[in-house]
Amino acid sequence: MFSPTALNLRNRRRERWFRSLFLLTTVILVFPVVAILGTLIAKGGPILSLEFLFTEPREGMTAGGIFPALLGTVLLVTVSLLAAVPLGVAAAIYLSEYAAESRFTRVINLAIVNLAGVPSIIHALFGLGAFVLFLDLGTSILAAGLTLAIMNLPILIVATVESLQAVPKAFREACWTMGATRWQTIRMVVLPNSLTGILTGIILAVSRAAGETAPIMFTGAAFFIPVLPESVFDQTMALSLHLFVVTTQVPGVPEALPYGVALTLVGVVLAFNALAIGFRTHLRRRKKW
Amino acid sequence: MVTPGSDQGNTTPAPAIAETGRPATRIVLEVKDLGVSYGEHVALSGVNLTVRENEIFGIIGPANSGKTSFLKSLNRMNMFNRSMRVTGEVLFAGRDVRRWRNVYALRRRIGVVFPLPVGLPLSIYDNVALAPKLAGVRKRQELDAIVERCLRRAALWDEVKDRLHSLGSLLSGGQQQRLTIARSLSQDPDLLLLDEFSIAVDPVTTMRIEDVLKELRNEMTIILVTNLVQQARRLAERTAFFLSGRCIEVGDTEALFAGDVQDQRTHDYITGRFG
């Protein structure tokens with residue numbers, strides 16, 4: 001009576017099949033990550049030291065440290081976040097909480113999606129034209145940071161809109177029926193509960209801002225500057241460009257050096273992300289509904 | 001209490017009650033030829049009724065009869081749904097609700113309890129203190145007093161007084177519904193709208209909330225939409241029967257249940273022949 005029928009057996013076989021298939025694809029995905037990190041740590045790990053991180057390059061960048069590039073990347077990411085996060089979150093709040101479904105908002109949404117699809121080299125040319133030349137910021141940390149900010153706006157807006165929409169409409173209606181204005185509702189109920197999603201957007205933005213080379217090449221990152229920047233109006237070195245330079249442009253670089261630069265770059269991104277993730281975990285712990 | 005002054009010209013004493021010796025009752029809400037539609041779909045049309053001060057006014061009727069749409073038109077909740085259109089007139093405290101220039105003040109005077117409890121993802125304390133805060137109350141002692149008073153009146157105080165600062169959204173369904181009621185009381189409303197409040201609440205809690213409502217009747221007017229015919233009988237002085245987007249009839253609850261109806265369908269619904 002309880003012996004499996006042919007259909008049961010077939011379902012069970014398929015179940016095993018699909019399980020293995022999904023497991024396999026997951027393993028395939030993990031493989032490059034492990035391979036990349038493994039190579040970087042194996043080849044770049046030995047060169048890492050406090051001296052490498054916190055001194056300037058010497059002998060035509062074939063020796064010494066990478067401090068100007070490390071500092072430059074941190075500054076660029078910081079400037080781009082300071083510009084992009086307020087703008088992106090405000091735009092997302094408008095689109096999610098205020099804007100009606102209309103031709104105007106459809107055009108805006110289309111523009112955002114298209115902005116996300118623009119190649120980074122085009123952003124670079126835009127930054128050169130708009131910030132370096134038109135606003136006359138010169139090639140500077142500010143111009144490069146703003147260029148990165150423009151590049152990251154769509155990511156931030158989309159992530160924020162999604163996290164705002166994830167807050168149940170019933171919460172908003174409950175607030176509105178108490179006589180709360182839209183802004184009061186957003187401030188007291190909607191925003192506090194969508195911070196985790198906004199932080200996810202910031203994490204993605206950090207990774208892109210730190211890693212991109214093209215947008216900063218024309219707008220603020222320099223091949224080699226022996227001194228540290230004094231203000232946001234100075235040019236700077238950056239890890240991503242430095243990696244490109246020591247890999248392809250400078251003869252006689254020891255093999256470990258580019259790996260060390262790459263490992264540092266990954267480390268910087270992870271450090272920024274760890275901050276955001278730590279904050280996000282803290283917020284999730286007091287969750288809610 | 002309805003604010004005096006704003007409605008002087010529009011108060012109509014209700015003779016039926018005045019004759020029984022109780023003080024002349026004023027009209028809190030007057031609805032004239034109300035219609036609600038969502039795009040092409042007409043949810044409600046031609047509704048005329050009045051609600052008197054300090055009564056519990058029941059609305060019964062099967063699903064899709066327009067009960068919730070009726071409630072939504074009262075405090076202009078149609079602003080939340082762009083496809084919802086309201087026609088006709090709703091006079092609250094003698095003034096057409098669409099003429100209230102300050103819709104936020106209007107909403108503060110009308111409390112709403114939705115079918116599914118909505119514990120905001122704030123602490124229990126903040127759930128109840130939110131409306132007073134929005135209205136500008138800042139002093140801690142004042143807020144403390146309001147929170148305690150509202151939670152007590154919603155019969156929730158004893159269960160939560162030791163954890164006022166834990167999350168309101170983690171309470172059980174029945175507790176959350178009482179929290180929702182406490183929250184709408186914190187607005188100090190003149191009119192309380194309850195939309196099938198007991199749908200997600202166990203029978204014991206339902207009875208407790210019903211006791212709460214009986215006491216609240218002395219201080220405010222309550223419109224009780226319910227899918228439980230007997231609940232209307234237990235609580236409402238007068239009851240309206242809605243069917244397919246029309247208000248079939250309004251009458252004294254006891255008279256309706258005694259069979260004194262103008263429309264056979266009301267009788268059929270009340271006695272459980274359909275719905």
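Residues numbered from 1 in each chain as written. Chains lettered and ligands numbered in written order. Predicted model: local features only at pLDDT ≥ 70, side-chain atom pairs only at ≥ 80, totals over all residues.

Attention now goes to the nonpolar core. Residues A:L76, B:A182, B:L193, B:I222, B:I223 and B:L224 are the most contacted members of the largest nonpolar core, which totals 151 residues. At 16 residues, the largest contribution of residues to this core is made by helix α6 (residues 141-165) of chain A. Sequence-distant contacts of B:L193, defined by excluding residues within four places in its chain, comprise B:L71, B:L74, B:I110, B:G111, B:V112, B:V113 and B:I223. (Core = buried A, V, L, I, M, F, W, Y, C linked by C-beta atoms within 7 Å. Buried ≥ 20, exposed ≤ 12 C-beta atoms within 10 Å, placed from the backbone. Helix = DSSP H or I, 4+ residues; strand = E, 2+ residues; numbered from the N terminus. Contact = placed C-beta atoms within 7 Å.)

Attention now goes to the pairing of strand β1 (residues 27-38) of chain B. Residue and element names in this part refer to chain B. In terms of strand pairing, β1 meets strand β2 (residues 41-52) through 8 bridges, oriented antiparallel. Residue S37 lies in a different strand from β2, and its bridge partner there is V42. Between β1 and β2, which pair antiparallel and follow one another directly, the connecting turn spans 2 residues, one of which, G39, has a positive phi of 60 degrees. (Pairing = 2+ DSSP bridges.)

Let us now look at the domain arrangement of chain B. Residue and element names in this part refer to chain B. By domain assignment, chain B separates into domain 1 (1-109 + 190-202 + 219-275) and domain 2 (116-188). Taking the mean C-alpha position of each, domain 1 and domain 2 sit 26 Å from one another. On the side of domain 2, 9 residues touch domain 1, which itself brings 6 residues to the contact. When the residues that make up the side of domain 1 that touches domain 2 are grouped by side-chain class, the tally is 4 nonpolar, no polar and 2 charged. (Domains from an automatic or database assignment. Nonpolar A, V, L, I, M, F, W, Y, C, P; charged D, E, K, R; others polar.)

We now examine the confidence of the model for chain B. Close reading of the predicted structure is inappropriate where its pLDDT is low. All names here are of chain B. Per-residue pLDDT for chain B averages 86, and the proportion of residues at 70 or more is 91%. Across residues 1-21, confidence stays below pLDDT 50; counting only partners more than four residues off in sequence or on other chains, it has 28 contacts. Two summary scores accompany this predicted model of the complex, namely pTM at 0.81 and ipTM at 0.81. (pLDDT = per-residue confidence, 0-100.)

All right, on to the sheet that holds β1(B) then. The antiparallel open sheet is built from 4 strands, whose spatial order is β2-β1-β4-β5 (chain B). The open sheet is flanked by β2 and β5 (95-96) of chain B, the only strands paired with a single partner.

For the rest of this paragraph, the subject is the pairing of strand β10 (residues 246-252) of chain B. Relative to β10(B), strand β9 (residues 238-243) of chain B runs antiparallel, the two sharing 6 bridges. Bridging across to β10(B), B:R238 finds its partner in B:D252.

Okay, unusual backbone geometry next. Residue and element names in this part refer to chain B. Even without being a glycine, D33 presents a positive backbone phi close to 50 degrees. Of the residues examined, D33 has 11 C-beta atoms within 10 Å and is grouped as exposed. The backbone of A93 sits at a positive phi, close to 50 degrees, despite the residue not being glycine. You can see A93 is positioned in the loop between β4 (84-92) and β5. On the basis of neighbour counts, which here come to 25 C-beta atoms within 10 Å, the residue A93 falls in the buried class.

Okay, the environment of B:E215 next. Along the chain, B:E215 turns up in helix α8 (residues 203-216). Residue B:E215 is classed as exposed on the basis of its C-beta count, with 10 C-beta atoms lying within 10 Å.

With 19 residues of chain B at the contact, the number on the chain A side is 17 residues. Counting residues per element, the ones that place at least two in the side of chain B that touches chain A are α3 (103-108) and α4 (124-134) of chain B. Ranked by residues supplied to the side of chain B that touches chain A, first place goes to α3(B) with 4 residues. Residues of the side of chain B that touches chain A, tallied by class, amount to 13 nonpolar, 3 polar and 3 charged.

Residues and elements named next belong to chain B. Strand order in the open sheet formed by 6 strands is β6-β7-β8-β3-β9-β10, and the pairing between neighbours is mixed. In the strand order of this sheet, the two ends are held by β6 (110-113) and β10, each with one partner. Averaged over all adjacent pairs, the angle separating strand axes in this sheet is 15 degrees, with direction ignored. Alignment of strand β3 (residues 56-60) against β9, held across 4 bridges, turns out to be parallel. When the bridges of β9 are listed, I59 appears paired with A240. (Axes fitted to C-alpha atoms, helices over the stretch in contact; angles between N-to-C directions.)

Moving on, we get to the domain arrangement of chain A. Residues and elements named next belong to chain A. Per the domain assignment, the segments making up chain A are domain 1 (6-47) and domain 2 (52-285). Each of domain 1 and domain 2 has a C-alpha centre, and the two are 31 Å apart. The interface of domain 1 with domain 2 comprises 7 residues on the first partner and 8 residues on the second.

What follows concerns the packing of α4(B) against helix α7 (residues 173-185) of chain B. Residue and element names in this part refer to chain B. Axis separation between α4 and α7 bottoms out at 7 Å; the angle between their running directions is 30 degrees. Taken as axis vectors, α4 and α7 run roughly parallel relative to one another. The interaxial crossing formed by α4 with α7 has right-handed handedness. Where α4 approaches α7, its residues I124, N127, V128, L130 and A131 are matched on the opposing element by L179, A182 and R183. (Parallel < 35°, antiparallel > 145°, perpendicular 65-115°, else oblique. Left-handed = near helix turned anticlockwise from the far one by under 90°.)

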